[in-house]
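Chain by chain, the residues:
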Amino acid sequence: MSDCLPDGVQAALKAAWTQRASLLAALIRAARGDFVAAEEALSQALEAATAVWPRDGVPDSPEGWLVSAGRLALLRQASRAAQSLETSDPDGKLWGGAVAPVEGEVVLDNLIDFGGDDDQLRLVFTCCHPALAPAARVALTLNAVCGLEAHAISRAFLVEEATLAQRLVRAKRKIRDAGIPFRAPTSAELGERLPEVLKTIELIFNEGYACTRGRDLISERLCDEAIQLASSLARLLPDETEPMGLLAMLFLTDARREARVSEGGDLVTLPEQDRRLWDQRKVVAGRSLLAQAVQLGGDGPLVLRAALAAEHSTAASAEDTRWARIVELYDALLVIEPSPVVALNRATAVGEASGPQAMLTAVEAIEDPGGALASSHYRLAVIGEAQRRMGRTLEARASFEAASQLAENDMERRHLLRRAEACF
Amino acid sequence: MKYLLMIYVDEAVENAMSEAEMGTLMEGYGRLVEEMEAEGVLQGGERLQQVAAATSITSRSGSFAITDGAFAETKEQLGGYILIEAPSLDEAIGWAKKIPSAIHGTIEVRPIWELDEPPLAESAQADNSVAADS
C-alpha cells in the first residue's frame, strides 16, 4: 500500500483489512467456491480503492464498496474466460470497463450478509483442510487469515520467495480444483478437523519461537499471529477445550521468550533461564485458561501439554519444579499421544525425579518404529546428559558430539558442542 | 463435481482372505452401491482383475514397447474404481471412507476435469447456502 495516501484513506483501508475474512468470504461465495478468483478479485478491489478513494473520498460503507468492486472484478474475469471460449460482446458493454463501481452501483450494507465470526471460522478450517499439505496449510493460513504477504512468510520460514509464492498458488488452486468447500465443520466432524487446525497454529508458533536467527521482528510476529489465531478459535468454539489448551500452552511458552536467547545469541535451556525475565502476565493468562479448560472437563493432549507448560512456568526455580507431577502428566499424555518425542521428554523428567540411571533406562526403553529419533539430536543429547550426571564423562562427550552432528541449526549445534566440551 | 474414487489394495492381503471374509467384503460393496444409487451419486464403477492380467504399453524412441503387468511395481495396486457425483470434496471423502477396501487399502479421490462453467450471473445477494451448516 502506498505511503502517500491521505490519512483518512489509510485508516479506512486498515479498518477494511481487519475485516478481510468477511470480504474474502463474500467473494468466495460470489465466485461459487473459487478461492483463486476471489483472492484476485479482492486484491483488484483494494487496488481500485487506493486509486479512487483519495480522489472521491472514502465511501460510506468501505466494506460494501470493496465487495461490489470485487464482484465486478469477478464478472470481468468470468467474461474474459467466456470470451476465450466464444466470441461475444464486441462493444465491451458486458462489464462496463472499470472495476471501480460507479455511483449508484454500490450495494448497500443491508444487502450484504457479513458472516463475521462464522466467516473467520470457515476461512480457518478451509485453509487447514487435511487435503492440503501441512506446509501449504501453514502458508495459506498466514496469508489468507492473518494477512501476511508472501515475502514476509518466506523470510520467516527461510525459503525462497518464489517457492513460497508457488506454494500459495498451488494451495489456492487445489481448493478450487478439488472442490474443497468453504465451510466450517459440523460438530460431528470437529473431532477430526480441529486437531489439524490446532497443529497448523502450533507449527506457526514453533517457527516463530525457534529463533533460528535469534530474536527478530518476524519471529515475534509469527508467535503473535499464532496466539491471535488460537485466541479466535477459543472464542469461536467456546465449548471445545482443546483450543483453550492450545492458547494456554502458547501463552505459557511465550512467557519465556525473553529468557530463551542470551545476549550473544546462544540458546539458554530451561533450567538455566533467568526466570525474572519471564512475562508474568502471560503466565497468569495461561494458567487461568488452563484452569477454565480443566474445569470444563478438558483432558485432551493440548490441555495436558498446557498443564506441563504450567508446571515449568510456575516453578520458582528449576529445583522447585514438581518433577514427579510432570512424569505423571507425561504418562497420561503418552496414553493418547504415544510418540517417541513425548517419551523422550518424559525420560528427561524421570531423570530429574529419580536420577540419571532411571533416565538412561527410560530412554533406552523407548520404542521408535518410525526411526524418527535415530536421526534426531535430541535422543543423543538426553543420553549424554544422563551419562554426564553418572560421571561417565568420556561417553557423555561422545554422545554430545554425535548429537551436535545431527543438530538442525547453528544455535543448537553450538549449544551441543559446548556441552561436549564441558565434559572432561 | 464428479470424482473418481480409485481403490488401491495390496493384492496379497486380499488373496490371504478366507472365503467368508471375501464374502463379507463383497456384501459390503453391494450395500455401498445400493446406498450410492439411492442417493443418486453413482455414475459408474468396476472391479478390476488383478495385475497379473494387466498389460502395459509405453513409447520408447518412437516405437511401442508392450510388457506384461502393471505400469509400475507398487506395494498396493489399483483394484477398482467408483465414479461419483458430489457437491464438494468433503462429501466425496465421506463416500471414500465407506468403501469396504478402505480399511486395508488406500482410496485416491481425484476430481474429473470438467470444461469451464458458463460465466457467473450477477446476483444481487450473496449465496447464503453455506450459512445453513454449523
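Note that the structure is predicted; figures quoted are calculated from it, not measured.

Asker: Pulling in residues and values, what's your account of the overall build of chain B?
Answerer: When helices and strands are tallied, chain B shows 3 helices and 6 strands. The N-to-C order of helical and strand elements in chain B reads β-α-α-β-β-β-β-α-β. Burial analysis of chain B (134 residues in total) assigns 27% to the buried set. In chain B, of all internal contacts separated by at least 6 residues, the share reaching a separation of at least 24 is 77%. If you sum the accessible surface of chain B, you get close to 8,900 Å²; carbon and sulfur atoms cover 55% of it.

Asker: Residues and numbers for the overall build of chain A, please.
Answerer: Across its full length, chain A holds 20 helices and 0 strands. The proportion of buried residues among the 424 residues of chain A is 51%. For chain A, long-range pairs separated by at least 24 residues make up 66% of all intrachain contacts whose partners lie at least 6 apart in sequence. By element, 52% of the accessible surface of chain A is carried by carbon and sulfur atoms, the whole surface being about 20,100 Å².

Asker: Mind laying out the pattern of salt bridges, listing which residues take part and the relevant values?
Answerer: Between side chains of opposite charge, a pair can form when the charged atoms approach closely. Evaluation of the coordinates by the stated rule reveals 33 salt bridges over all chains. A salt bridge links Arg110(B) to Glu108(B); the nearest nitrogen and oxygen atoms lie 2.6 Å apart. The class for Arg110(B) is partly exposed, based on a relative accessible area of 47%. For Glu108(B), a relative accessible area of 28% corresponds to the partly exposed category. Through salt bridges that share partners, Glu220(A), Asp224(A), Asp254(A), Arg257(A), Asp279(A), Arg281(A) and Lys282(A) make up one connected network.

Asker: Break down the packing of aromatic side chains for me, citing the residues and quoting the values.
Answerer: Residues and elements named next belong to chain A. Across all of its chains, the model carries 2 aromatic pairs over all chains by this definition. On the numbers, 5.5 Å between centres and 70 degrees between planes, the contact of tryptophan 53 with tryptophan 65 is edge-to-face. Linking tryptophan 53 in helix α3 (residues 35-56) with tryptophan 65 in helix α4 (residues 62-85), this pair joins segments that are 12 residues apart in sequence. Between phenylalanine 205 and tyrosine 209, the ring centres sit 5.4 Å apart and the planes meet at 20 degrees, which makes this aromatic pair stacked. With phenylalanine 205 and tyrosine 209 both in helix α9 (residues 187-209) and 4 residues apart, this pair spans about one turn of that helix. Classification of phenylalanine 205 as buried rests on a relative accessible area of 2%. The ring of tryptophan 17 carries the charged tip of arginine 20 above its face, separated from the ring centre by 4.4 Å. Stacked on the ring of tryptophan 278, the Lys or Arg arginine 256 has its end atom at 6.0 Å from the ring centre.

Asker: Account for the side chain of Ser313(A), with residues named and values stated.
Answerer: Residues and elements named next belong to chain A. By the element assignment, serine 313 lies in helix α14 (residues 301-314). Take serine 313: its relative accessible area is 4%, and that puts it in the buried class. Not counting residues within four places of it along the chain, the set of residues in contact with serine 313 comprises Leu252, Arg256, Trp278 and Val283.

Asker: Please provide a residue-by-residue account of unusual backbone geometry, values included.
Answerer: The backbone of Arg32(A) shows a phi angle near 55 degrees, a positive value even though the residue is not glycine. On the secondary structure map, Arg32(A) appears in the loop between α2 (20-30) and α3. Non-glycine residue Ser61(B) carries a positive phi angle of around 35 degrees. With respect to the helices and strands, the residue Ser61(B) is situated in the loop between β3 (55-60) and β4 (63-68). On the basis of relative accessibility, which here comes to 80%, the residue Ser61(B) falls in the exposed class.

Asker: Can you break down helix α20 (residues 410-421) of chain A residue by residue, with the values?
Answerer: Residue and element names in this part refer to chain A. The first and last C-alpha atoms of α20 sit 16 Å apart over 12 residues, in line with the 16 Å expected at 1.5 Å per residue. Looking only at α20, the buried set comprises Met411, His415, Leu416 and Ala420. As for α20, its buried residues are in contact with α18 (377-389) and α19 (393-405).

Asker: An account of a nonpolar patch on the surface is needed here, citing residue identities and associated values.
Answerer: Residues Leu48(B), Leu78(B) and Tyr81(B) make up a contiguous nonpolar surface patch of roughly 220 Å² in combined accessible area. Take Leu78(B): its relative accessible area is 32%, and that puts it in the partly exposed class.

Asker: An account of the packing of helix α13 (residues 280-295) of chain A against α14(A) is needed here, citing residue identities and associated values.
Answerer: All names here are of chain A. One way to put it is that α13 packs onto α14 with a least axis distance of 10 Å and a crossing angle of 140 degrees. By the criterion of interaxial angle, the relationship of α13 to α14 is oblique. Here the hand of the crossing between α13 and α14 comes out left-handed. Facing α13, whose interface residues are Val283, Arg287, Leu290, Ala293 and Val294, α14 presents Val303, Ala306, Ala307, Ala310, Ser313 and Thr314. Among the residues forming the contact of α13 with α14, the class breakdown is 8 nonpolar, 2 polar and 1 charged.

Asker: So what about the pairing of strand β1 (residues 2-9) of chain B? Which residues, and what values?
Answerer: Residues and elements named next belong to chain B. Sheet topology note: the β1/strand β5 (residues 77-85) ladder contains 8 bridges and is antiparallel. Paired with tyrosine 8 across the bridge in β5 is leucine 78. Taken together, the 6 bridges between β1 and strand β6 (residues 106-111) define a ladder with antiparallel strand orientation. When the sheet's bridge partners are listed, tyrosine 3 is paired in β6 with proline 111.

Asker: So what's going on with helix α2 (residues 19-39) of chain B? Which residues, and what values?
Answerer: Residue and element names in this part refer to chain B. Between its first and last C-alpha atoms α2 spans 30 Å; for 21 residues at 1.5 Å apiece the expected length is 30 Å, and the two agree. Along α2, the residues that are buried comprise Leu25, Gly28, Tyr29, Leu32 and Met36. The buried residues of α2 occupy an angular sector of 100 degrees when projected down its axis, which confines them to one face. Exposed side chains of α2 directed beyond 90 degrees from the buried face belong to Glu19, Ala20, Glu27, Arg31, Glu34, Glu37 and Ala38. Considering only its buried residues, α2 is in contact with β1, α1 (11-15), β2 (42-47), β5 and α3 (89-98). Immediately downstream of α2, the backbone of glycine 40 shows phi near 75 degrees, a positive value.

Asker: A description of the confidence of the model for chain B should follow, citing residues and the corresponding values.
Answerer: Residue and element names in this part refer to chain B. Of the residues in chain B, 86% have a pLDDT of 70 or more, and the chain-wide mean is 87. In this model residues 118-134 is a low-confidence stretch, pLDDT under 50, and it forms 31 contacts with partners more than four residues away in sequence or in other chains. For this predicted complex, the interface confidence score (ipTM) comes to 0.81, while the overall pTM stands at 0.80.

Asker: Any chance you could break down the sheet that holds β1(B) for me, citing the residues and the numbers?
Answerer: All names here are of chain B. Strand order in the open sheet formed by 4 strands is β2-β5-β1-β6, with antiparallel pairing between adjacent strands. Edge strands, defined here as strands with exactly one partner in the open sheet, are β2 and β6. Neighbour-to-neighbour, the strand axes of this sheet turn through a mean angle of 20 degrees, independent of strand direction. Contacting β1, β2 and β5, α2 crosses the sheet at an angle of about 165 degrees to β2. Each of β1, β5 and β6 is contacted by α3, which is oriented at about 30 degrees to β1, the strand it contacts most.

So, how was this worked out
Residues numbered from 1 in each chain as written. Chains lettered and ligands numbered in written order. Predicted model: local features only at pLDDT ≥ 70, side-chain atom pairs only at ≥ 80, totals over all residues. Heavy atoms only, no water. Helix = DSSP H or I, 4+ residues; strand = E, 2+ residues; numbered from the N terminus. Buried < 20%, exposed > 50% of the residue type's maximum accessible area, 1.4 Å probe, protein only. Contact = heavy atoms within 4.5 Å. Areas by Shrake-Rupley, 256 points an atom, 1.4 Å probe, with all protein chains shown as cover. Salt bridge = Lys/Arg side-chain N within 4 Å of Asp/Glu carboxyl O. Phe/Tyr/Trp six-rings, centres within 6.5 Å; stacked < 30°, edge-to-face > 60°. Lys NZ or Arg CZ within 6 Å of the ring centre and 35° of its normal. Expected span 1.5 Å × (residues − 1). Patch = residues over 30% accessible without salt bridge, like charges linked within 9 Å, V, L, I, M, F, W, Y side chains within 5 Å. Axes fitted to C-alpha atoms, helices over the stretch in contact; angles between N-to-C directions. Parallel < 35°, antiparallel > 145°, perpendicular 65-115°, else oblique. Left-handed = near helix turned anticlockwise from the far one by under 90°. Nonpolar A, V, L, I, M, F, W, Y, C, P; charged D, E, K, R; others polar. Pairing = 2+ DSSP bridges. Arc of directions from axis to C-beta. pLDDT = per-residue confidence, 0-100.

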